[in-house]
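Each chain is listed here by its residues.
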Amino acid sequence: MEERKIKFLQDINNGTIKGAQKIIAQKLKISNTSVSLWFKNNKKPSLDNIIKMAKIFNKSEQEIKDVFSFETEETTSAENNKFADARDMELVKEKIKRFETEFDYMRDKIKNLESKIK
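(A) Quick look at the overall build of the protein. A count of helical and extended segments in the protein gives six helices and zero strands. Secondary structure elements in the protein, listed N-terminal to C-terminal, are α-α-α-α-α-α. For the protein, with 118 residues in total, the buried portion stands at 20%. Considering only residue pairs separated by 6 or more positions, the protein has 41% of its internal contacts joining residues 24 or more positions apart.

Encoded structure:
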């Protein structure tokens, strides 16, 4: 476990880390498993839980975010937007291909009709 996480657990449990995760879970009214996942880097606490922990344990929100290497909502949102933008770009490319195919078909059809008229 990272040094800053150990320090955080010691700070909230009178110098010991034993039982500190359980204290966090009880105070936030969430499962011990959720808290455990945060400390194992398998999941990050929600912004709501970050704010609650900051108030409960008299820490700044930034200190709590730092403990969990927490990405801000803006960062996560930006990453989600990049994914959405990439997906949107793929959809646009697919539509362009369909239009090009339809255009080619219509152009050939017009040429065919023009040749019959002459």
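(B) Main features of unusual backbone geometry. Phi angles above zero are rare outside glycine, and Asn14 is one such case at about 50°. By secondary structure assignment, the location of Asn14 is in the loop between helix 1 (3-12) and helix 2 (20-28). Given the relative accessible area of 78%, Asn14 is considered exposed. In this structure, Asn41 is a non-glycine residue whose phi angle is positive, near 65°.

(C) Molecular detail of the packing of helix 2 against helix 4 (residues 47-56). Following both chains from N to C, one finds helix 2 and helix 4 inclined at 105°, their axes separated by 11 Å at the closest point. Between helix 2 and helix 4, the crossing angle belongs to the class labelled roughly perpendicular. Packed against helix 2, whose contacting residues are Ile24, Lys27 and Leu28, the element helix 4 presents Asn49, Lys52, Met53 and Ile56 at the interface. Tallied by class, residues from the contact of helix 2 with helix 4 come to four nonpolar, one polar and two charged.

(D) Representation of the pattern of salt bridges in the model. By the definition in use, this model includes six salt bridges. Between Asp48 and Lys52 there is a salt bridge, with the nearest N and O atoms lying 3.3 Å from each other. A residue pair is termed a helical-turn pair when its members lie 3 or 4 positions apart in one helix, as Asp48 and Lys52 do in helix 4 at four residues. Between Asp104 and Arg107 there is a salt bridge; the shortest N-O distance is 3.1 Å. Taken together, the residues span about one helical turn, with Asp104 and Arg107 both in helix 6 (residues 73-117) at a distance of three residues. Through salt bridges with shared partners, one network takes in Glu2, Arg4 and Lys5.

(E) Main features of the nonpolar core. Core analysis: the biggest nonpolar cluster contains 17 residues, and Phe8, Ile24, Trp38, Phe39, Met53 and Phe68 have the highest contact counts within it. At the level of secondary structure, the elements contributing two or more residues to this core comprise helix 1, helix 2, helix 3 (32-39), helix 4 and helix 5 (61-67). The element that contributes the greatest number of residues to this core is helix 2, accounting for four residues. Aside from chain neighbours lying at most four places away, what touches Phe8 is Ile24, Phe39, Met53, Phe57, Lys59, Ile64 and Val67.

The rules we used
- Residues numbered from 1 in each chain as written.
- Predicted model: local features only at pLDDT ≥ 70, side-chain atom pairs only at ≥ 80, totals over all residues.
- Heavy atoms only, no water.
- Helix = DSSP H or I, 4+ residues; strand = E, 2+ residues; numbered from the N terminus.
- Buried < 20%, exposed > 50% of the residue type's maximum accessible area, 1.4 Å probe, protein only.
- Contact = heavy atoms within 4.5 Å.
- Axes fitted to C-alpha atoms, helices over the stretch in contact; angles between N-to-C directions.
- Parallel < 35°, antiparallel > 145°, perpendicular 65-115°, else oblique.
- Nonpolar A, V, L, I, M, F, W, Y, C, P; charged D, E, K, R; others polar.
- Salt bridge = Lys/Arg side-chain N within 4 Å of Asp/Glu carboxyl O.
- Core = buried A, V, L, I, M, F, W, Y, C linked by side-chain atoms within 4.5 Å.

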